[in-house]
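Reading the structure
Here is what each chain is made of, one letter per residue.
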Amino acid sequence: MASKTNDPAAHADDIVSRRGEVSASLAHTCSRIKDVLTYSSAYLVFIAMIEVLTVHLVLSLPLNPAPVVVGLVTFSVYAGDRIADADSDALSTPERSAFVTRHREALSLLTAGAYGVAIAIAITGGPLALAITLLPGGFWILYASDWFPTLGRRFKRLKQILVVNSAMVASAWAIAVVGLPLAFAEATVTPLSGVVFVYFLVDTFVNTEIPNVRDVEADAADGVSTLPVVFGIRRTRHALYGLDLFLVAFVALTLAFGPLTVALAGAILVGLGYALVLAWFVGRTNAPGRLAIAGESKHLVVFALLLVSTAGI
């Protein structure tokens, strides 16, 4: 009698236990995937490819290997930067620093391999495509390495100089995102491509300064001069407002007097509205890492709006 009455309960307990194990295993797997995507910078690869596809769409370029090349270079440069700064990042982003330190050897091999594949593909696009592909890596070496002793006792790396650091990052990626699809397509530079370049240049500068708010203590300790280190978080927030509003005025003027279409201007303005909301949270959120990712994700919004408005999707 006892065995007959207890068996169903034991079976139910086994099912509940297995479901708990499956749920825990699934949660652990999702957490590991999130760590790999965020800490290795892999999520930036997807966003960089979306930026290049946006350029394809806006400039009506035929699809070419530029998104793949920019994605590979993005992974290589950002993962390499995180490997180089793993020790100094232990203060501001301890979990990311621990992940990078734990997987340093594998990440080093992947970064070298990714840039090698990018260069191999770029060679098929000609000398200009190859030069643009090499540019972010060259800028990163100038940006992060202690190669320029004539800067003086205070500054040993260009990364330490106010505005120059973020401007170098923004210039390298704006040239790659806009220039590489043009180079592969052997297309000429037009006023519209110039407008798109200015947009990505200023927008990337803003997205570079947002994570600097999180890193303010580590940057100050490392001698890196960023807007939050020099001017404080409140003034940095105001500076980001100013840059986003500059882009709003720029888009409005190029819509009125330049080559910008209503569809493109509308998508960019929605994205800039999104950016202004994010700027309000700078220094006011307990999740600055998520804020930085949200800033980068703005390009997904712009691309989706462009697809809807221009491709009829």
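To be clear, the structure that these remarks concern was listed above.
My aim in this report is to walk through the structure given alongside it, one point at a time. (Residues numbered from 1 in each chain as written. Predicted model: local features only at pLDDT ≥ 70, side-chain atom pairs only at ≥ 80, totals over all residues. Heavy atoms only, no water.)

A short note on the overall build of the protein
If you tally the helices and strands in the protein, you get 14 helices and zero strands. When its helices and strands are written in sequence order, the protein yields α-α-α-α-α-α-α-α-α-α-α-α-α-α. In terms of overall dimensions, the protein has a C-alpha envelope of 90 × 55 × 45 Å along the principal axes. For the protein, with 313 residues in total, the buried portion stands at 44%. A sequence separation of at least 24 residues applies to 70% of the contacts in the protein between residues at least 6 apart. Working note: accessible area of the protein is about 15700 Å², and carbon and sulfur atoms make up 68% of it. (Helix = DSSP H or I, 4+ residues; strand = E, 2+ residues; numbered from the N terminus. Buried < 20%, exposed > 50% of the residue type's maximum accessible area, 1.4 Å probe, protein only. Contact = heavy atoms within 4.5 Å. Areas by Shrake-Rupley, 256 points an atom, 1.4 Å probe, with all protein chains shown as cover.)

Structural notes on the packing of helix 8 (residues 191-214) against helix 14 (residues 298-310)
Contact pair helix 8 / helix 14: the axes reach a minimum separation of 12 Å and the direction vectors enclose 150°. Residues Y199, F200, D203 and N207 of helix 8 pack against K298, H299 and V302 of helix 14. In terms of residue class, the contact of helix 8 with helix 14 is made up of three nonpolar, two polar and two charged. (Axes fitted to C-alpha atoms, helices over the stretch in contact; angles between N-to-C directions. Nonpolar A, V, L, I, M, F, W, Y, C, P; charged D, E, K, R; others polar.)

Digging into a nonpolar patch on the surface
Taken together, V277, W280 and F281 make up a surface patch of nonpolar side chains, about 290 Å² in accessible area. With respect to the helices, strands and loops of the structure, W280 is situated in helix 12 (residues 262-281). Residue W280 is classed as partly exposed on the basis of its relative accessible area of 43%. (Patch = residues over 30% accessible without salt bridge, like charges linked within 9 Å, V, L, I, M, F, W, Y side chains within 5 Å. Salt bridge = Lys/Arg side-chain N within 4 Å of Asp/Glu carboxyl O.)

A look at the side chain of S76
Mapping S76 onto the fold places it in helix 3 (residues 66-84). Apart from residues no more than four positions distant in its own chain, S76 is found in contact with T111, A114 and Y115.

Some details on helix 13 (residues 288-296)
Buried residues of helix 13: L291, A292, A294, G295 and E296, and no others. For helix 13, the secondary structure elements touched by its buried residues are helix 2 (42-59), helix 8, helix 12 and helix 14.

With respect to the nonpolar core
Ranked by size, the top nonpolar core spans 47 residues in total, and within it L180 and F200 carry the most contacts. With 11 residues, the top contributor of residues to this core is helix 7 (residues 164-185). Beyond its immediate chain neighbours, meaning those up to four positions away, F200 contacts E51, V55, A174, V177, V178 and H299. (Core = buried A, V, L, I, M, F, W, Y, C linked by side-chain atoms within 4.5 Å.)

A short note on the packing of aromatic side chains
In this structure the tally under the stated criterion is five aromatic pairs. Measuring from centroid to centroid gives 5.7 Å for Y78 and W173, while their planes differ by 15°, and the two rings are stacked. Remark: W173 occurs in helix 7 and Y78 occurs in helix 3; sequence separation between them is 95 residues. (Phe/Tyr/Trp six-rings, centres within 6.5 Å; stacked < 30°, edge-to-face > 60°.)

Re helix 4 (residues 94-102)
Of the positions making up helix 4, those classed as buried are R96, S97, F99 and V100. Relative to the axis of helix 4, the buried residues are bounded by an arc of 160° and lie together on one face. Opposite the packed face of helix 4, turned more than 90 degrees from it, sit the exposed residues E95 and R102. (Arc of directions from axis to C-beta.)

Remarks on the packing of helix 5 (residues 104-123) against helix 6 (residues 127-144)
Running from N to C, helix 5 and helix 6 cross one another at 160°; their axes reach a closest spacing of 8 Å. The orientation of helix 5 with respect to helix 6, classified from their angle, is roughly antiparallel. For the crossing formed where helix 5 meets helix 6, the hand is right-handed. In contact with Y115, A118, I119, A122 and I123 of helix 5, helix 6 contributes A129, L130, T133, L134, P136 and G137. (Parallel < 35°, antiparallel > 145°, perpendicular 65-115°, else oblique. Left-handed = near helix turned anticlockwise from the far one by under 90°.)

A look at the environment of L91
Topologically, L91 is positioned in the loop between helix 3 and helix 4. L91 sits 104 residues away from V195 along the chain, and the two C-alpha atoms are 39 Å apart. Beyond its immediate sequence surroundings of up to four residues, L91 is in contact with E217 and A218.

Quick notes on the pattern of salt bridges
Taken as a whole, this structure holds four salt bridges when the rule is applied. A salt bridge links D89 to R96; the shortest N-O distance between them is 3.0 Å. As far as the burial class goes, D89 and R96 line up, both buried.

Notes on the environment of V216
The residue V216 is located in helix 9 (residues 216-221) in this model. For the pair V216 and V230, spaced 14 residues apart in the sequence, the C-alpha separation amounts to 9.4 Å. Those residues within four positions of V216 in sequence are excluded, and the remaining contacts are P228 and V229.

Digging into the side chain of E209
Locating E209 in the fold gives a position in helix 8. Buried charge without a salt bridge: E209, with R214 as the nearest opposite-charge side chain at an N-O distance of 11 Å. Reaching out from E209, the side chain makes a polar contact with the backbone nitrogen of L227 at a distance of 3.5 Å. When sequence neighbours within four positions are dropped, the list of residues in contact with E209 reads S166, T226, L227, P228 and L240. (Lys, Arg positive; Asp, Glu negative; His and termini not counted. Polar contact = N/O pair within 3.5 Å; in protein donor to acceptor, adjacent residues only side chain to side chain.)

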